[in-house]
Amino acid sequence: MVPYNSENIFAKILSGEANCIAVYEDEFTLAFMDIMPQTDGHTLVIPKEPAETLFELSEEGLGACTRTLKTVATAVQSAFECPGVMIAQLNGSVAGQTVPHFHFHIIPRYADGSSVR
Ligand code: 5GP
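What counts and how
Residues numbered from 1 in each chain as written. Predicted model: local features only at pLDDT ≥ 70, side-chain atom pairs only at ≥ 80, totals over all residues. Helix = DSSP H or I, 4+ residues; strand = E, 2+ residues; numbered from the N terminus. Rg over C-alpha atoms; globule rule 2.2 N^0.38 Å. Buried ≥ 20, exposed ≤ 12 C-beta atoms within 10 Å, placed from the backbone. Contact = placed C-beta atoms within 7 Å. Near = placed C-beta within 6 Å. Nonpolar A, V, L, I, M, F, W, Y, C, P; charged D, E, K, R; others polar. UniProt positions renumbered as here; feature names shortened; annotations may be inferred. Pairing = 2+ DSSP bridges. Axes fitted to C-alpha atoms, helices over the stretch in contact; angles between N-to-C directions. pLDDT = per-residue confidence, 0-100. Core = buried A, V, L, I, M, F, W, Y, C linked by C-beta atoms within 7 Å.

Labelled according to an unreviewed UniProt entry, the protein chain appears under the name Histidine triad (HIT) protein, originating from Oleiphilus messinensis.

Listed below in structure tokens is the structure:
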């Protein structure tokens, strides 16, 4: 079990200490635009529950995140008119995770590998 560090930027977004461009929120989850988007429309989905990786997240938190993931990915696909959407989720710094609060990436993919719509 990894101890949760509430100094991370997503915890600060959840507490209101840091700003974000939110696109969806419910009792258990928040979705917002990535500050350094890999492609147009890159969006993140996070649980409100303090969990660093998949392995600390409760079943209820994971269920809430996957429901929000589908809702927001559907809206992103429609809004950005992208033919494909990559979903990514990294666990641990060696896997490339940089923010230690569980998150899904929703990354639109465009024709010819373009990063723009
Ligand atoms: P990771 O590498 O941990 O899977 O992804 C972390 C993501 O969070 C990156 O895509 C990065 O651009 C994004 N990110 C980091 N800091 C901030 C921030 O302050 N605000 C927002 N909206 N996204 C952030």
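Another aspect to go through is the overall build of the protein chain. Of regular secondary structure, the protein chain possesses two helices and five strands. Secondary structure elements of the protein chain occur, N-terminal to C-terminal, as α-β-β-β-α-β-β. For 117 residues, the compact-globule formula gives about 13 Å, and the C-alpha radius of gyration of the protein chain, at 14 Å, lands near that figure. Dimensions of the protein chain, computed from the C-alpha atoms along their principal axes, are close to 40 × 30 × 25 Å. Within the span of the protein chain, comprising 117 residues, buried residues form 26% of the whole. For the protein chain, the proportion of contacts with a sequence separation of at least 24, taken over those separated by at least 6, is 59%.

With that settled, consider the site of the ligand. Around the ligand, 13 residues are found, and the nearest of them are Ile35, Met36, Leu90, Thr98 and Val99. Class assignment for the residues of the shell around the ligand results in nine nonpolar, three polar and one charged.

Per the UniProt record, "active site" (unreviewed entry) is found at His103. Relative to the helices and strands, His103 is located in the loop between strand E4 (84-88) and strand E5 (104-109). Setting aside residues no more than four positions away along its own chain, His103 makes contact with Phe10, Leu44, Val45 and Ile46.

A few words on the sheet that holds strand E2 (residues 29-33). Strand order in the open sheet formed by five strands is E1-E2-E3-E5-E4, and the pairing between neighbours is antiparallel. Each edge of the open sheet is held by one strand with a lone partner, namely strand E1 (22-25) and E4. Ignoring strand direction, the axes of neighbouring strands in this sheet form an average angle of 20°. In terms of strand pairing, strand E3 (residues 43-47) meets E5 through three bridges, oriented antiparallel.

With that out of the way, let us pick up the confidence of the model for the protein chain. Summarising the model, the protein chain shows a mean pLDDT of 96, and 98% of its residues fall at 70 or more. Predicted confidence in the protein chain is weakest over E4, with a mean pLDDT of 97, and strongest over E3, with 99. Across the assembled chains, the prediction reports ipTM 0.99 with pTM 0.97.

Let us now look at the nonpolar core. Core analysis: the biggest nonpolar cluster contains 18 residues, and Ala31, Leu44, Val45, Ile46, Val72 and Ile106 have the highest contact counts within it. Going through the elements one at a time, helix H1 (9-15), E2, E3, helix H2 (59-80) and E5 are the ones with two or more residues in this core. The greatest single-element share of this core, amounting to five residues, is contributed by H2. When near neighbours in sequence (up to four residues on either side) are disregarded, Val72 contacts Val23, Tyr24, Ala31, Thr43, Val45 and Ile106.

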